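Residue-level listing of the chains:
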Amino acid sequence: QVQLVDSGGGSVQAGGSLRLSCAASGLPYSGTCMAWFRQVPGKERERVASIYGSGVWTLYQGRFTISRDNAKNTVYLQMDSLKPEDTAMYYCAARRYYCAPDRSGYDYWGQGTQVTVSS
């Protein structure tokens, strides 16, 4: 079965960094988009980064970086210069096959990991 396990969230001061990890199982290395979304209560879930093959997309280029380690079947989200408005529940997601901006286009989801950025 397909399983996505995301982790790495926590509390950090503004300007700090966090590295989220998503361990995937049951998915092919190729032909799958891996993405990170975040959601704040009362707001829609939004995509912050995605990767498909060698193609990457990031909401905040230079501040958020998505990467993948195929040997470990793990995708990462490196978040630097964090701001209080980055506070949200972050979710790993997977889509067959190319990336899409909307959460409805993704087939699998992790359980979410909370990121809290304080002033």
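Higher on the page you've got the structure.
Residues numbered from 1 in each chain as written. Predicted model: local features only at pLDDT ≥ 70, side-chain atom pairs only at ≥ 80, totals over all residues. Heavy atoms only, no water.

> Give a detailed account of the sheet that holds strand β3 (residues 18-25), specifying residues and quantitative values.
Taken together, the four strands give an open sheet; going across it, the order is β1-β3-β8-β7, and neighbouring strands pair in antiparallel fashion. Of all strands in the sheet, those with a lone pairing partner are β1 (3-7) and β7 (64-69), marking the two edges. When the angles between neighbouring strand axes are averaged without regard to direction, this sheet yields 15°. Inspection of the sheet shows β1 paired to β3 by five bridges, in the antiparallel sense. Paired with L4 across the two strands is A24, which belongs to β3. (Pairing = 2+ DSSP bridges. Helix = DSSP H or I, 4+ residues; strand = E, 2+ residues; numbered from the N terminus. Axes fitted to C-alpha atoms, helices over the stretch in contact; angles between N-to-C directions.)

> Please provide a residue-by-residue account of empty space enclosed by the protein, values included.
Scanning the model with the defined rule gives one cavity of 30 Å³ or more in all. Roughly 110 Å³ of volume is contained in the largest cavity. Forming the boundary of the largest cavity are 13 residues, of which P28, Y29, M34, R68 and N73 lie nearest the centre. For the lining of the largest cavity, the secondary-structure elements that each account for two or more residues are β3, β7 and β8 (74-79). For the lining of the largest cavity, the class distribution of residues is seven nonpolar, four polar and two charged. (1 Å grid on protein atoms, 1.4 Å probe; cavity = no way out; pocket = protein on both sides within 12 Å on 5 of 7 lines; lining within 4 Å. Points joined across faces, edges and corners; volume = space filled by probe spheres on them. Nonpolar A, V, L, I, M, F, W, Y, C, P; charged D, E, K, R; others polar.)

> Residues and numbers for unusual backbone geometry, please.
Cis peptide bonds are those with omega within 30 degrees of zero, and the linkage from R96 to Y97 qualifies with 15°. Within the fold, Y97 resides in the loop between β9 (88-95) and β10 (108-109).

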